[in-house]
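What the coordinates show
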Amino acid sequence: MLTASNMTILAAEEPNPVLPHTSEIIVGLVAFGLLFFFLRAKVFPMFEKTYAERTASIEGGMKEAEESQAEAQQLLEQYRSQLSEARSEAARIREDAKQQGQTIVDDMRREAEEEAQRITSRAHAQIEAEREQVLRSLRTEVGTLATTLASRIVGEALEDDERSQRVVERFLDDLESAEASDAAVGPASRDE
C-alpha cells in the first residue's frame, strides 16, 4: 500500500505540473529572445516611425488649426474695425448730409426772403409811381374842373392857362398843407 512517505517519493519522481521543464524554459527563453530581437529590429522601428508620423501629423494639424484660428480671429478683428469705421463713416455722411440739407434750406429761405424783398420794393416803387401818376392826373382834372367851375360861376372864360394853372396849384398846395396840419394835430389831440 501506499504510505505517505511513498507518496512523497513518487511525487518527487513525477514532474511538478506547476513548474515547467528546464528544456521548455530554455526553448521559451530562446524563442522569446528571437522574437524580441525580431520585433526590436523590424516591427518597433515601423511602430516608432508610424507613431512619429502621426504625432507630426497631429501636431501639424493642431498648429494649422491654431494658425487658422489666429488668422480667423485677426480677420474677425479686421472686419469688426472695418464695420466700426463704416458705421462712423455712415454717421459722418449722415451728419454732413444733414448740414448740407440745412444749408440748402437756409440758402433757399434767404433767397426767398431776398426775392420777396425785391418783389415788395418793386411793388412799392410801382405803387408810388402809379400814385404820382394818379396825383398828376387828378391835379390836372381837378384844375380843369376848378377852372370850368370858376368860369361858370364868374360867367366868363378863364382862358389864361398859365394863370389858371398857378391858381389851381396854389389851391391844391393849400389843401395839402391843411391836410398835413390836420394829420399832425390829430394824433396830438388823441393823446390828450
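Report on the accompanying structure. Bear in mind the structure is a predicted one, so any value in this text is a computation, not a measurement.

How each quantity is defined
Residues numbered from 1 in each chain as written. Predicted model: local features only at pLDDT ≥ 70, side-chain atom pairs only at ≥ 80, totals over all residues. Heavy atoms only, no water. Phe/Tyr/Trp six-rings, centres within 6.5 Å; stacked < 30°, edge-to-face > 60°. Helix = DSSP H or I, 4+ residues; strand = E, 2+ residues; numbered from the N terminus. Buried < 20%, exposed > 50% of the residue type's maximum accessible area, 1.4 Å probe, protein only. Salt bridge = Lys/Arg side-chain N within 4 Å of Asp/Glu carboxyl O.

As a further point, take the packing of aromatic side chains. Considering all chains together, one arrives at 2 aromatic pairs under this definition. Ring geometry for Phe32 against Phe36: centres 6.4 Å apart, planes inclined by 20°, an arrangement best described as stacked. With a gap of 4 residues between them, Phe32 and Phe36 both fall in helix H2 (residues 22-154), about one helical turn apart. According to the relative accessible area criterion, Phe32 is exposed, its value standing at 56%. Relative to Phe37, the ring of Phe36 has its centre 5.8 Å away and its plane inclined at 65°; by these criteria the two rings are edge-to-face. Since its relative accessible area comes to 36%, Phe36 is described here as partly exposed.

Once that is clear, we can look at the pattern of salt bridges. Considering all chains together, one arrives at 9 salt bridges under this definition. In this structure, Arg92 engages Glu89 in a salt bridge whose closest nitrogen and oxygen atoms are separated by 2.2 Å. Of this pair, Arg92 and Glu89 both sit in helix H2, 3 residues apart, roughly one helical turn. Across the salt bridge formed by Glu132 and Arg131, the nearest N and O atoms sit 3.6 Å from each other. Take Arg131: its relative accessible area is 45%, and that puts it in the partly exposed class. One salt-bridge network, in which partners are shared between bridges, spans Glu89, Arg92 and Asp96.

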